[in-house]
Amino acid sequence: MSSALDRHKRRAAWWFLTPALVLVGLFFVLPVLAGLLLSLTDFDIYSVGAPGTARFVGLGNYRHLLGDPTFWKSVGNTLQFVLVGGPLSVATSLGAAMLLNAKLVRMRSLFRTIYFAPVVTTLVSVAIVWRYLYHPRYGLLNFLLGMVGLGPVDWLGDPHWAMPSIILLAVWKNFGYNMLIFVAGLQVIPEDLYEAAAIDGAGYWRRFRHITLPGLAPTFLFVSVTTMIGFFQLFAEPYIMTQGGPLGATRSLVLFMYEEGFRWWRMGMASAVAVLLLLITLLGTLVQLRFSRRET
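Here goes a summary of the coordinates provided. Throughout this document, residue positions are counted from 1 along each chain, in the order its sequence is written. Given that this is a predicted model, residues contribute local features only at a pLDDT of at least 70 and side-chain atom pairs are listed and counted only at 80 or more, while totals for whole chains, interfaces and linings are drawn from all residues. Excluding hydrogens and water, the side-chain figures rest on all heavy atoms present in the structure.

Residue exposure (1.4 Å probe, protein chains only): buried if accessible area is under 20% of the type maximum, exposed if over 50%, otherwise partly exposed. Here a strand is any run of E in DSSP of at least two residues, a helix any run of H or I of at least four, and the numbering for each starts at the N terminus. Regarding helix H6 (residues 123-133), the residues found buried are Leu123, Val126, Ala127 and Trp130. Down the axis, H6 shows its buried residues gathered within 100 degrees of arc, on one side only. The arc in question is traced by the directions running from the helix axis to the C-beta atoms.

A few words now on the environment of arginine 137. Mapped onto the secondary structure, arginine 137 falls in the loop between H6 and helix H7 (140-147). A residue is classified by how much of its surface remains accessible, and arginine 137, at 66% relative accessible area, is exposed. Considered as a pair, arginine 137 and glutamate 237 are 100 residues apart in the sequence and their alpha carbons are 22 Å apart.

So, about the packing of aromatic side chains. Between the rings of Phe, Tyr and Trp (Trp by its six-membered ring), a pair exists once the centres lie within 6.5 Å; its type follows the angle of the planes, with under 30 degrees stacked, over 60 edge-to-face, and the other angles tilted. Evaluated as defined, the whole model comprises 16 aromatic pairs. Geometrically, the ring pair formed by tyrosine 115 and phenylalanine 175 is tilted, given 6.0 Å between the ring centres and 50 degrees between the ring planes. Of this pair, tyrosine 115 sits in helix H5 (residues 108-120) while phenylalanine 175 sits in helix H8 (residues 159-188), and the two are 60 residues apart along the sequence. For the pair tyrosine 258 and phenylalanine 262, a centre-to-centre distance of 5.7 Å together with 35 degrees between the ring planes defines the contact as tilted. Note that tyrosine 258 and phenylalanine 262 are positioned in helix H13 (residues 253-263) at a spacing of 4 residues, about one turn of the helix. By relative accessible area, phenylalanine 262 is classed as exposed at 51%. Following the ring pairs from residue to residue traces out a cluster consisting of Trp130, Tyr134, Trp155, Trp161 and Trp172.

Another aspect to go through is the packing of helix H4 (residues 69-101) against H8. Every axis in this analysis is a line fitted to C-alpha atoms, fitted for helices over the stretch in contact. Angles between the N-to-C directions lie between 0 and 180 degrees. At a closest axis distance of 6 Å, the pairing of H4 and H8 adopts a crossing angle of 40 degrees. One way to sum up the angle between H4 and H8 is to call them oblique. With respect to the hand of their crossing, H4 and H8 are arranged in right-handed fashion. Tallied by class, the residues present in the contact of H4 with H8 amount to 19 nonpolar, 9 polar and no charged. Every angle not falling under 35 degrees, over 145, or within 65 to 115 is termed oblique; those three ranges are roughly parallel, roughly antiparallel and roughly perpendicular. Handedness of a helix crossing follows the sense of rotation of the near helix relative to the far helix, less than a right angle counterclockwise being left-handed and clockwise being right-handed. Classification convention: Asp, Glu, Lys, Arg as charged; Ala, Val, Leu, Ile, Met, Phe, Trp, Tyr, Cys, Pro as nonpolar; all other residues, Gly among them, as polar.

Moving on, we come to the nonpolar core. Counting 35 residues, the largest nonpolar core has Leu65, Phe71, Phe81 and Met241 as the members making the most contacts within it. Elements with a contribution of two residues or more to this core: helix H3 (60-66), H4, H6, H8, helix H11 (217-232), H13 and helix H14 (267-295). Other than its neighbours up to four places away in sequence, leucine 65 contacts Phe71, Trp72, Phe256, Met269, Ala272, Val273 and Leu276. Within the second largest apolar cluster, 20 residues are counted, among which are Val90, Leu94, Ala97 and Ala202. Think of a nonpolar core as a cluster: buried Ala, Val, Leu, Ile, Met, Phe, Trp, Tyr and Cys residues, connected wherever their side-chain atoms sit within 4.5 Å. Contacts are assigned to residue pairs that have any heavy atoms within 4.5 Å of one another.

A side chain with one charge may pair with a side chain of the opposite charge, provided their charged atoms come close. We count a salt bridge whenever a side-chain nitrogen from Lys or Arg sits within 4 Å of a carboxyl oxygen from Asp or Glu. Applying the stated criterion across every chain, the model contains 4 salt bridges. For glutamate 259, the salt bridge goes to arginine 251, with nearest N and O atoms at 3.0 Å. Arginine 266 is the salt-bridge partner of glutamate 260, the closest N and O atoms lying 2.8 Å from each other. Note on glutamate 260: relative accessible area 6%, which makes it buried.

Once that is clear, we can look at H11. The length a helix should cover is 1.5 Å for every residue beyond the first. For H11, spanning 16 residues, the distance from its first C-alpha to its last is 22 Å, which sits close to the expected 22 Å at 1.5 Å a residue. Along H11, the residues classified as buried are Thr219, Val223, Ser224, Val225, Thr227, Met228, Phe231 and Phe232.

Attention shifts here to the environment of threonine 250. With respect to the element layout, threonine 250 can be found in the loop between helix H12 (236-241) and H13. Classification of threonine 250 by relative accessible area gives buried; the value is 1%. Linking threonine 250 and arginine 10, residues 240 residues apart in sequence, is a C-alpha distance of 51 Å. In this view, threonine 250 contacts Asn77, Ala162, Met163, Ile166, Pro238, Thr242, Gly244, Gly245 and Leu255; residues no more than four positions away in its chain are not counted. N or O atoms within 3.5 Å of each other form a polar contact, as long as, within protein, one can give a hydrogen and the other can take it, and as long as residues adjacent in sequence are counted only when both atoms are side-chain atoms. At a separation of 2.6 Å, a polar atom in the side chain of threonine 250 contacts the side chain of threonine 242.

Structure follows, in structure tokens:
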């Protein structure tokens, strides 16, 4: 009787899971497999009308990419964006969350809405505003520099400043989402722990180190992994703000993939870039998971 009931439950579970599995297969598994197969061919604009003209080149696209300086420049730009912008975004989100979670702050819901507003604002409108802020002659940032006696900076035209400018824009645009997650994580930590630590004479830093950080460990893991994955997919900011310039200083891997696929119509090469980006992102995720297990 119990075995028949178990079979009935498993059958019902499969019926509930089937729609989700079909959607995942159609919109994730099949595109990934198609991209992997496409990366092994020289599929280009001529093959769009006549797919039979595409030739199998094996690992030829990957060998070409590994010898392409533009590809490695894009990898370096993307890693700079991830390694600098990612921790800065997480730290900004945590700081804003702790300020909003403080008892002394009033109208917390209003501030949460204000801080979260950039996340839901379209990047095009945000980019227009920030381009004015970065303007070399009339921008607010250079106006503030002039007030302290410093000369103007060509924020988006100087190869040394273009990527930091993109990072600053991305951190401001995206930190609100992680802030809400950190606020939820802070509210789960029992208030009794802070009260007991304060009675024992623990200062703010010791309470933060021994109570807040361990209590936010699962939240930190989720936020860090999702932020890293999102930052590896940098595309819209440099595409709108700088088009990958100046001198390729802001060309990311996704922008490089876009140029290969939709500017030069080398679909096979673009698919190879996508596969390598997937492997790099997977490696970064595994490193973070291994590091989090050591910490625990």
